[in-house]
Structure formats: C-alpha cells, structure tokens
Amino acid sequence: MNKTLTVNIGGMVFHIEEHAYEKMKKYIDSVKMYFKSSDGGDEIMQDVEGRIAEIISERLGSGRQVVNEEDVKSVIDTMGRPEQFATDDEAKETTYASNIQEGRKYRKLYRDPDDKIIGGVCSGLAYRLGIDPLWMRLIFVGSFFLWGTSLVIYIILAIILPKAESTAQKLEMKGEEVNLSSLQKAATVTEEKKSNFISRFFEVIGSIIRAVFKVIFYIAAAFVAFIALIVLFALFMAVMAMLGVAGISIPIFISDLFLTSSQMFWAILAIILVIGIPVIALLFAGIKALFGIKYKSRFLNVAAVILIIAGVIIAFAVGTDIAREFQAESRVKTEIPLLTPDTDTLFVGLMHDAQYGENVITGRKRFGLFVGNKFTVLSGDNENTLPGHVTPNIRKADGNQFELMQTNVARGLNEKQAYENARSIQYNMEQKDSLLSFSNYFPINEKMKYRGQHVKLLLKVPVGKSVHLKEESEHVIYDIENVTNTYDGDMVGHTWTMTERGLECLSCNFDKADKDIVISNGKKVLIKSKRSGIYVNGNNDSLIITGDDDVKISIDENGVVIKKK
C-alpha cells in the first residue's frame, strides 16, 4: 500500500501518494528553475500552482481523496514541460481579433484592468461575448440615454465581478489555455495600461463599496454562526431533558405523548436529523465565510440531504402515531348542586388548598395544574407552563336559582379511552354560605397519560341576581362574557348583575374611568376618551371637538362649523 502525504498546492490541501508526490515535486522544481531568471517569475509560479490545483480538483471530483501518478501525469500533459515551450519568434501577439477568431473556447467573466476606461467591465464583457469592447461601450452609452438603467447595471457589475489580476485569470478571461507556454507568452506581452483620473476615481469608489459589503457580509456570517450555536445548545438541552440526563426533566405534556421509550428514541433521532443537521450546516457555512475556508465535499452534502429526508420520514411516522392518540374527544358533564345563598349575590373566589387523595399522586408522578389561563405541569419541585384552556364562564339561568355545570374534556385513541380520561379527572371546589371557591388545579391519575385533559365550568346566574368576583378569582376566570366587553382583569373586585342583556356591572362607570379630564386655570378643559378616540378642548369662548376620523367640530360665537378631511 502506497504511503500518502499531505501537501499544499496553490493554497489547497491535497492527500497525495508518495511516488506521485516525488514526480509532482520534480516537475514543479523544473518549472521554478526555468522561470527563476524571468521577470515576474514569482507571479508566474503562483499562477502555475493555482492552475495545477484546479486540474487536480477537477480530476478528484467527489469520488476520490488521494492524488495518484495518473493525476500528476494529466497535470504535466495539460500544463506542458519547459523544454516544449515555443521560441519567442513563434509567439504571436494576443489581440481581440485573434481571440474572436479562435473563439470557441469558454471564457470566464472578469473585469479587464489592462483595457479600461472606468472599471474594465465593458472590456471583460467583450471578451466573454467575443466582440470588440468598443461595441460594448457604445451599447452601455446608448442604453443610458434610452432607458437610463445601464449606469446601475454597470455599478453592480463593477462591484460583483472580480478583476483579472493574475496572468492565469487574464488568460481565462480571453479563453486561452492556461499552461506553461501561455503563461510565459502572457508575461512577455502583457503591458498594463496606465489608468486615468476617471478610472482611478471609480476604482476607489468601487473599493469602498466592496469593503462596506464585505463588512456586512462578515457581520451576517458571524450572526448566522452565533444563532446556530444557540439553537444547537437549546437542541442539546432538549435532547438531554428527553433522555433524563443530569436531572433535567421535560413537562408531562411532552413525555406523556410517547407510548414507549423506543418511540421517544425515534422522536429524538428525528429532531436531531431534521433540526440539528441544517443548523450544523449553517454553523459550518458561517465559519467558512468568516475564515475564508474553501473546503467543499459533495459527499457530505448528499449525505446531509439523505439524513434530513430520513429524519422527516421518521418524524412523520412518529407524529402519526402520536396524533392517533388524540383523534377522539369525549366530554363528561356533571351538574354540581349549590347551596342557596342568604343574599342575591354569590361571591366567587380561589380555593387555596384543594385536597386530593394520595392514591392519585405518588412519588415524583407529574400532575397538571390549571392556573388562570395557564396549564401548569409539576414534576417534583420543578414547574413548567404552557398555554392551555380553563374556561369558567357565567351565563343567564333559566330559573331563579344559581346553577353550576362542570364539563370534563379529554382526548384519546378512541371514544372509550377518551371517556375514561375525562371521567378520571378529579376536580375540587367548595361552597361556604355565599362564597363559592374554585380550585386552580386538578391532578392527572398516575395511570393516565396527558391527553388534553381540561375542565370547563359554567355558572348560571338568574336575572336580577349578582355575582361578585373577588380579586383572587383572576387566577381562575377566563374570558367571562359581559355586556361592556370588559377584560377579566378589570372585572375582578366588582359585583356583576345578570340582566336580560347579559352580565352587567351596574355600580361601575367604565366610560368615565376611561377618560382623562384636565382643568387648567379654571378655563381650559381637555376630555380624552381612550376608546372612542374623541378629544374635546374648551375654554370660555369656544369648544373644539376632534375625532379619529379627522372630523373637527368648532363651536363659538359664530355658530357651529364641521370640517372633515
């Protein structure tokens, strides 16, 4: 088995067999000796090594990683040997005409620094299209006067197109083969054209613009890498929590989704593949952009795409199994008998210490809590929350007695399982005289899994009777319907009477509370309505009313004037 070495050729790292390396080194040394006494020999050698690196990269592709003797032979045949060079008398001058006549070879697009008026864009485009640069310049000038867009296009091209700085790049621009002979000829005939003031001015402007875009590019790359690191850390912590490593636990509403430990394993694998691999790719892309790494691997790209597709398939399979566990819904309704209060007002508060049997909760069994509009899940001493549904509501009763209806809701694989999940809910409340206290949590039986269990409470109030919502009840009530559409937080602390129109606070004046009235020196009055958007300014002589719809009403000694925009 041949020994392999690691070498750097033209700024690219290759793994090369030992015999091939000796052959390559001997060839490069002979080329160096030939160009040692030539003007610009160092620059020519940089171009030679760069071209050698390109040829090797093309031969390796994505199938092989090690350079062999056949690859070195192909490099030598393509580049040529120094002893095969043509004499100076045989060298011919490179012109636009000769390139146009030869003109079937592929030309790379560069800006030409040797024949430029402003930035060399027209000259570079002329080489690429195989026409004289004079015609290209006439096209740009003519389109500027006809449509006025050529200037913007020129500036964009001057920014994004690289300049053909090396001899090899200039040969590629002209469509010539990049080998030892062409490099030597180009070195002897190339004479850089002196730049004028206009070209120097636009060159400086272009350099400034490119520098700004380069800074923005590096900032964006650093931001992408930073975000990718954060996401990877969060993903790592989530996986550790799902595995229960280092005491990290996940909420019951996540762990109880899985039927078996193997199902959780496949879910973790799907998360790593679908989220982790793209994030790692983004991180790698950001690092490559920041440090100028040019490493590419088609094998890694294909493998990443295959793994992501596999992750999507696994996620779909696991998600389908989990979704089946929630496909059926069942409700268990129970009418809770209430004591008739001594007064026509029922007070609603919070039950601070709801007692449940120990047979429901054992050890570190997780259980659910409803706190206001938050569904809380406890795991030992750790508490986690997610948005949920607690929907105690107040409606008009058909008779003249207070009524309470409790509805337990749950989901399951089928209606029977959903019914058992709903029936297993144990929810406590208590009534003492005219005080009705609701518990803000209920436990999930340790034999049950979380399947969307929640409780709906409906308090029916007869017309003419009232309910007082104590301040603490804010942790229980959720979206109580009322005539004035008052928010839950504003409803607490007030007594609400059931009328034919619905629940209404007769002792409240939310309209007045919603206005700011300012009196300055006993003359000017400002009334600002936050909801209606009406502003009233007044003094002893006039009154001005302005609305949100740009209506202005002026009332003074001349009468009433209404203006609308």
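Cut-offs used in this document
Residues numbered from 1 in each chain as written. Predicted model: local features only at pLDDT ≥ 70, side-chain atom pairs only at ≥ 80, totals over all residues. Heavy atoms only, no water. Pairing = 2+ DSSP bridges. Helix = DSSP H or I, 4+ residues; strand = E, 2+ residues; numbered from the N terminus. Contact = heavy atoms within 4.5 Å. Axes fitted to C-alpha atoms, helices over the stretch in contact; angles between N-to-C directions. Salt bridge = Lys/Arg side-chain N within 4 Å of Asp/Glu carboxyl O. Buried < 20%, exposed > 50% of the residue type's maximum accessible area, 1.4 Å probe, protein only. pLDDT = per-residue confidence, 0-100. Parallel < 35°, antiparallel > 145°, perpendicular 65-115°, else oblique. Left-handed = near helix turned anticlockwise from the far one by under 90°. Nonpolar A, V, L, I, M, F, W, Y, C, P; charged D, E, K, R; others polar.

A few points about the sheet that holds strand β1 (residues 4-9)
Pairing between the strands of a sheet is mediated by backbone hydrogen bonds and can be parallel or antiparallel.
Inference 1: Strands sit in the order β1-β2-β3 across an open sheet of three strands; the sheet is mixed. Edge strands, defined here as strands with exactly one partner in the open sheet, are β1 and β3 (66-67).
Inference 2: Two strands pair when backbone bridges link them, and strand β2 (residues 12-17) and β3 are joined in this way by two bridges, in the parallel orientation. Across the sheet, histidine 15 pairs through a bridge with valine 66, a residue of β3.
Inference 3: Packing against the sheet, helix α2 (residues 41-60) makes contact with β1, β2 and β3, and its axis sits at approximately 65° to β2.

Structural notes on the pattern of salt bridges
Inference 1: Taken as a whole and judged by the stated rule, the model has 11 salt bridges.
Inference 2: A salt bridge links glutamate 500 to lysine 396, with the nearest nitrogen and oxygen atoms 3.6 Å apart. A residue pair is termed long-range when its members are at least 10 positions apart, and glutamate 500 in the loop between β15 (495-498) and β16 (503-504) and lysine 396 in strand β9 (residues 393-396) qualify at 104 residues.
Inference 3: Judged by relative accessible area, glutamate 500 falls into the exposed class, the value being 61%.
Inference 4: Residue class for lysine 396 comes out partly exposed when judged on its relative accessible area of 37%.
Inference 5: The structure contains a network of salt bridges with shared partners spanning Glu329, Arg331 and Arg411.

Observations concerning the confidence of the model for the protein
Should pLDDT be low for a region, the predicted coordinates there are not to be read in detail.
Inference 1: In this model, the protein carries an average pLDDT of 76, and 72% of its residues clear a pLDDT of 70 or more.
Inference 2: Segment residues 86-104 is flagged for pLDDT under 50; beyond a separation of four residues in sequence, or across chains, it makes 21 contacts in the model.
Inference 3: Overall, residues 512-524 carries pLDDT values under 50, and its contacts beyond four positions in sequence, including any with other chains, amount to 23 contacts.

Description of the packing of helix α12 (residues 261-291) against helix α13 (residues 298-324)
For any two helices packed against each other, the geometry is given by the interaxial angle and the distance between the axes.
Inference 1: Their axes nearest at 8 Å, the elements α12 and α13 cross at an angle of 140°. Regarding the angle of α12 to α13, the classification is oblique. Crossing handedness for the pair α12 and α13: left-handed. Of the residues in α13, those touching α12 at Gln263, Trp266, Ala267, Leu269, Ala270, Leu273, Val274, Ile277 and Pro278 are Ala304, Leu307, Ile308, Ala310, Gly311, Val312, Ile314, Ala315, Val318, Asp321 and Ile322.
Inference 2: A class-by-class count of the residues in the contact of α12 with α13 yields 17 nonpolar, two polar and one charged.

A few points about the environment of lysine 174
Inference 1: Inspection of the secondary structure puts lysine 174 in helix α8 (residues 167-174).
Inference 2: Each C-alpha atom of the pair lysine 174 and arginine 107 lies 5.9 Å from the other, and the pair is 67 residues apart in sequence.

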